[in-house]
Amino acid sequence: MKYSCVIIGPSDKAKLWRFGKIKKSNYKKWQRSLIEVLTQYFDELYFIPDKGVYVDFCQTFKNVTGKKIIAFVPQLEGEIVQKARQLANKVKQIPGGMGWSYLNTHIIGQAKFALCLGYSPGSILEICSIKYLNQYQKKNIRLLIDQRCVSQKLPKELIDEIKDIFYFSNSNQLRKILDGFFKKRKGIG
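Residues numbered from 1 in each chain as written. Predicted model: local features only at pLDDT ≥ 70, side-chain atom pairs only at ≥ 80, totals over all residues. Heavy atoms only, no water.

Visitor: I tried to follow the packing of aromatic side chains on my own but got confused; where do I start?
Guide: Ring pairs (aromatic) are described by centroid distance and by the angle formed between their planes. Following the criterion strictly, the structure yields 12 aromatic pairs and no others. Judged by centre distance (5.1 Å) and plane angle (85°), the ring pair of Y3 and F182 falls under edge-to-face. Within this pair, whereas Y3 is found in the segment before β1 (4–8), its partner F182 is found in helix α8 (residues 171–184), the two being separated by 179 residues in sequence. Aromatic pair W17 and Y27: ring centres 5.8 Å apart, planes at 85°, arrangement edge-to-face. (Phe/Tyr/Trp six-rings, centres within 6.5 Å; stacked < 30°, edge-to-face > 60°. Helix = DSSP H or I, 4+ residues; strand = E, 2+ residues; numbered from the N terminus.)

This is the structure:
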């Protein structure tokens, strides 16, 4: 069984050093420290092939590990599909809807885990969609948020309805969180 993780975050990389604790000079080192952990648990990463932190992260994951990154696009043809084919090992369209709003509200449900590398209107939309995917599609999505990338935790009003949110401040904490899930499933994958 393959294990996958959706990567979300801001298109504007500068948000990490403007609002979070990631220094611009440590950007690549920070990515690699997380990738070192993720590669132990996940066979592929999912992302929207736009620009920014999540695209950089997935590209580095692919280059460092040789594992797959899968780009999801809205049901349309054009430049975004061509860009996705250049970036990713594979391109998938999410069936059942069209356009960016549908893509942004459904990519988070393509895996059981989502890694948030910073807040933006798009990543908050994706996070909020977890409630509906959990409630109406019976998905159990675990959201992992790197606290170094954000100015604050999510508001209590969101946490109350989303559940399964895990914050971490370093690679060892992320590893412990993931160990908790994957040790429970030992022998399944």
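Visitor: Mind showing me how you'd approach the nonpolar core here?
Guide: What tends to happen in soluble globular proteins is that the nonpolar side chains get buried as a cluster. Of all hydrophobic cores here, the largest spans 65 residues; its most connected members are I7, L38, F42, L45, L143 and L178. Once residues within four sequence positions are removed from consideration, L38 is found in contact with I7, L45, F57, F61, L115, L174 and L178. (Core = buried A, V, L, I, M, F, W, Y, C linked by side-chain atoms within 4.5 Å. Buried < 20%, exposed > 50% of the residue type's maximum accessible area, 1.4 Å probe, protein only. Contact = heavy atoms within 4.5 Å.)

Visitor: What should I look at first to understand the environment of Q40 in this one?
Guide: If you trace the backbone, Q40 turns up in the loop between α2 (27–38) and β2 (44–47). Each C-alpha atom of the pair Q40 and L178 lies 9.5 Å from the other, and the pair is 138 residues apart in sequence. A distance of 3.4 Å separates a polar atom in the side chain of Q40 from the backbone oxygen of E36. (Polar contact = N/O pair within 3.5 Å; in protein donor to acceptor, adjacent residues only side chain to side chain.)

Visitor: Just to check I follow, could you spell out the side chain of S171 for this structure?
Guide: With respect to the helices and strands, S171 occurs in helix α8. Owing to a relative accessible area of 13%, S171 belongs among the buried residues under this scheme. A polar contact is formed between the side chain of S171 and the backbone oxygen of S33, at a distance of 3.2 Å. Among all residues touching S171, those that are not within four sequence positions of it are S33, L34, V37 and R148.

Visitor: For this particular structure, what's the right way to read the state of the cysteines?
Guide: As used here, a disulfide is simply a covalent bond connecting the sulfur atoms of two cysteines. Counted by the stated rule, this structure contains 0 disulfides. C58 takes part in no disulfide bond, and the closest cysteine sulfur to it belongs to C5, at a distance of 8.7 Å. C58 sits in the buried class, given a relative accessible area of 0%. Free of any disulfide, C128 has its nearest cysteine sulfur in C116, 11 Å distant. Residue class for C128 comes out partly exposed when judged on its relative accessible area of 26%. (Disulfide = S-S within 2.5 Å.)

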